[in-house]
Amino acid sequence: MEDVYIEVNVLPGTSAKEIKCNLGSKQISLSVKGQEMFKGKLFGSTIEDEATWTLEDKKLIRISLMKTSREAGNCWTSLLEGEYCADPLVQEQMQKKLTLERFQRENPGFDFSGADISGNYAGGGPDFSNLGK
């Protein structure tokens, strides 16, 4: 996945002035009404200038981060180092999806839309770059 999306439910009626969100390339913090929601070192690095946050309907904060490494194998296992880990099943599904997307980019003449993958898909799948050399 190329981007990281974070959704945080807040009390209805929350105003943007009550939110303090710091989005760095390797750090993130969010406080609402003076209460820290989360703070820490991101699992991977992001492009700081591309990071955004919005408050929707005065009850939902959406944060969007763009990863610096946009390779198929760059699937974060958690939001912060050691915290907010992804469910293992969700993680597996993301790895499969990213690997199929990589195969599609590498083989534009083939249709992988109905394909399923099993086996070595962790870390972006097998490396075929040395084949035929």
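Residues numbered from 1 in each chain as written. Predicted model: local features only at pLDDT ≥ 70, side-chain atom pairs only at ≥ 80, totals over all residues. Heavy atoms only, no water.

Novice: Give a description of the packing of aromatic side chains that names residues and reports values.
Specialist: All chains considered together, the criterion is met by two aromatic pairs. Taken together, a centroid distance of 6.2 Å and an interplanar angle of 70 degrees make the contact between phenylalanine 38 and tyrosine 84 edge-to-face. Placement of phenylalanine 38 in strand β4 (residues 35-41) and of tyrosine 84 in strand β8 (residues 83-85) is noted, with a sequence separation of 46 residues between them. Given the relative accessible area of 8%, phenylalanine 38 is considered buried. Overall, the relative accessible area of 45% leaves tyrosine 84 in the partly exposed class. Between phenylalanine 43 and tryptophan 76 the ring centres are 6.3 Å apart and the planes differ by 50 degrees, which places this aromatic pair in the tilted class. Of this pair, phenylalanine 43 sits in the loop between β4 and β5 (52-56) while tryptophan 76 sits in the loop between β6 (60-66) and β7 (78-80), and the two are 33 residues apart along the sequence. (Phe/Tyr/Trp six-rings, centres within 6.5 Å; stacked < 30°, edge-to-face > 60°. Helix = DSSP H or I, 4+ residues; strand = E, 2+ residues; numbered from the N terminus. Buried < 20%, exposed > 50% of the residue type's maximum accessible area, 1.4 Å probe, protein only.)

Novice: Tell me about the sheet that holds strand β2 (residues 19-23), and please be specific about residues and values.
Specialist: The strand order β2-β3-β4 describes an open sheet built from three strands, whose pairing is antiparallel. On the outer flanks of this sheet lie β2 and β4, each paired with one strand and no other. In this sheet, adjacent strand axes meet at a mean angle of 0 degrees when their direction is disregarded. Inspection of the sheet shows strand β3 (residues 27-32) paired to β4 by six bridges, in the antiparallel sense. Opposite isoleucine 28, over in β4, you have glycine 40 as the bridge partner. (Pairing = 2+ DSSP bridges. Axes fitted to C-alpha atoms, helices over the stretch in contact; angles between N-to-C directions.)

Novice: Provide a residue-level description of the nonpolar core, including the pertinent values.
Specialist: Membership of the largest hydrophobic core comes to 19 residues, with the highest contact counts inside it found for Ile6, Ile28, Leu30, Phe38, Ile61, Ile63 and Leu65. Setting aside residues up to four positions removed in sequence, phenylalanine 38 forms contacts with Ile6, Val8, Ile28, Ser29, Leu30, Ile63, Leu80 and Tyr84. (Core = buried A, V, L, I, M, F, W, Y, C linked by side-chain atoms within 4.5 Å. Contact = heavy atoms within 4.5 Å.)

Novice: Any chance you could break down the pattern of salt bridges for me, citing the residues and the numbers?
Specialist: Counted by the stated rule, this structure contains three salt bridges. When the shortest N-O distance is used, the salt bridge between arginine 62 and glutamate 7 registers 2.2 Å. Note that arginine 62 is positioned in strand β6 and glutamate 7 in strand β1 (residues 3-9), a separation of 55 residues in sequence. For arginine 62, a relative accessible area of 31% puts it in the partly exposed group. On the basis of relative accessibility, which here comes to 52%, the residue glutamate 7 falls in the exposed class. Put simply, lysine 41 and glutamate 81 hold a salt bridge, and the shortest N to O gap is 3.7 Å. (Salt bridge = Lys/Arg side-chain N within 4 Å of Asp/Glu carboxyl O.)

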